[in-house]
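A closer look at the structure
What follows is the residue order along each chain.
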Amino acid sequence: MFSAIARIFRTPDLRRKIGFTLIVIAVYRLGSFIPTPFVDFGNVQACLAANQDASGLYQLVNLFSGGALLQLSIFALGIMPYITASIIVQLLRVVIPHFDTLYKEGASGQGTLTQYTRYLTIALAILQSTTLITVARSGALFGTSGSPECSQLLTNDAWYAIMLMVLTMTAGTGVIMWMGEMVTERGIGNGMSILIFTSIAAQFPNSLLSIAQQRGIDILLIVLAIGLLIVAAVVFVEQSQRRVPVQYAKRMVGKRTYGGNNTYIPIKVNMAGVIPIIFASSLLYLPALIAQFNQPAAGQEPAAWVVWITNYLTKGDHPLYMLMYFLLIVGFTYFYVAITFNPEEVADNMKKYGGFIPGIRAGRPTAEYLDFVLTRVTLPGSIYLGLIALIPLIAFVAIGANQNFPFGGASILIIVGVGLETVKQIDSQLQQRHYEGLLR
């Protein structure tokens, strides 16, 4: 293993790529601590210290931004606008035929879709930065803590100051998007995934330190042991797949023979990745967001529905919240897999090139068989996603950890998934140059 790592740094091209990736990561983390103009840095830090264990409405976005959101930094929005724009463009392929046509055109059409994603990212960044600054201006960014510092996060709330803050955060999102694309082009791995990985990994030390301070070293050691088991289980499931065998008939084109080989269609157990957790979290945040903006004036009783939402759907320590979260993840997993894997399209492509599944007729029977296999494989995948997502909530109840508990939910899925993909890319590049990879 150590000899393989030494070969990485002895290979000039690979060394340059890793060095470039590390420089971009350093710049990205630095920008997460530089405050936006007209933000009171001292008050923000005081509120963060007083609300370390709070479960705010922006928990998921704050996790993906590496804690930059609640610090109101120039990179406060992080990579979340780009993730949202990518998901929207992907979903629009089902609704808008033009988008699906562009996707099937190959590199040129997908380049156009990428450009649409960039434009939508900037639009979403403007919307989200405006919302974030409005919430910070109203003093509700850190919930109902009641601290005087949390109601005075901005040093100037004039219109020109608001415009400058929106422009700064939007420009920060554009810079992050550019850095991610540069890492993809000149560095190692997928740039956007690497930046998300960096944001989440940066939260691990604080989360573990918080557990050690609140519950003691013995609980921390137990958490680390359980975390290793969770990581091993996640690696096992993420690598698991159902291989549907496919045979291609021989065909003559001129004097050459094509086909006649055997291959397979890999259907992963977790084909949806982390997207269902993001969907479910966002949907569960909507009632709490609506309730927050419908708080009564001082001295008045809140409405019954606001009290119900505050008691049951604001924090993750209630069984009803956990049940709804789990069911939403299962439902969104089936929904996302259904729109990303089209059995009829796969069956048509197989039939076009002379492929067939042994024992299954080409055409519609193949599509029905693939749909049957996909439905059965997605069931354990959706249950697995739901259980992984509930780990931070269970830890929140069991040991008093905050909901950014590192070994569970979207964080552990992204950490493991990006880590595996990056190691595979380094391994393939080593094999091209030394005939030996990183892993043996």
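Residues numbered from 1 in each chain as written. Predicted model: local features only at pLDDT ≥ 70, side-chain atom pairs only at ≥ 80, totals over all residues. Heavy atoms only, no water.

Looking at an unreviewed UniProt entry, one finds the chain named Protein translocase subunit SecY, with Cryobacterium psychrotolerans as its source organism. Under the UniProt heading Subunit (unreviewed entry), the entry covering the chain gives this text: "Component of the Sec protein translocase complex. Heterotrimer consisting of SecY, SecE and SecG subunits. The heterotrimers can form oligomers, although 1 heterotrimer is thought to be able to translocate proteins. Interacts with the ribosome. Interacts with SecDF, and other proteins may be involved. Interacts with SecA." The heading Sequence similarities (unreviewed entry) in the UniProt record of the chain holds the text "Belongs to the SecY/SEC61-alpha family." (UniProt positions renumbered as here; feature names shortened; annotations may be inferred.)

**Let's talk about the packing of aromatic side chains**
Under the counting rule described, the total for this entry stands at seven aromatic pairs. Judged by centre distance (5.3 Å) and plane angle (65°), the ring pair of F279 and F332 falls under edge-to-face. Highlighted residues: F279 in helix α12 (residues 275-292) and F332 in helix α14 (residues 319-340), separated in sequence by 53 residues. Of the two residues, F279 and F332, neither departs from the other in class, the shared state being buried. Judged by relative accessible area, F279 falls into the buried class, the value being 16%. (Phe/Tyr/Trp six-rings, centres within 6.5 Å; stacked < 30°, edge-to-face > 60°. Helix = DSSP H or I, 4+ residues; strand = E, 2+ residues; numbered from the N terminus. Buried < 20%, exposed > 50% of the residue type's maximum accessible area, 1.4 Å probe, protein only.)

**Details of the nonpolar core**
Most often, soluble globular proteins keep nonpolar side chains buried together rather than apart. By size, the foremost hydrophobic cluster in this structure holds 76 residues, and its most contacted members are I277, Y325 and L413. In terms of residues, this core owes the most to one element, helix α16 (residues 364-398), which gives eleven residues. Composition of this core by domain shows at least three residues from each of domain 1 (11-213) and domain 2 (215-439). Those residues in contact with L413 that lie beyond four places of it in its chain are V234, E238, N270, V274, I277, Y384, L385 and I388. The next biggest cluster of nonpolar side chains, apart from the first, holds 21 residues, and it includes V39, L70, I133 and V166. (Core = buried A, V, L, I, M, F, W, Y, C linked by side-chain atoms within 4.5 Å. Domains from an automatic or database assignment. Contact = heavy atoms within 4.5 Å.)

**Let's talk about helix α9 (residues 191-201)**
Of all eleven residues that make up α9, eight are buried, and the element is covered over most of its length. The opening residue of α9, the one whose side-chain oxygen lies 3.1 Å from the backbone nitrogen of M192, is N190. (Polar contact = N/O pair within 3.5 Å; in protein donor to acceptor, adjacent residues only side chain to side chain.)

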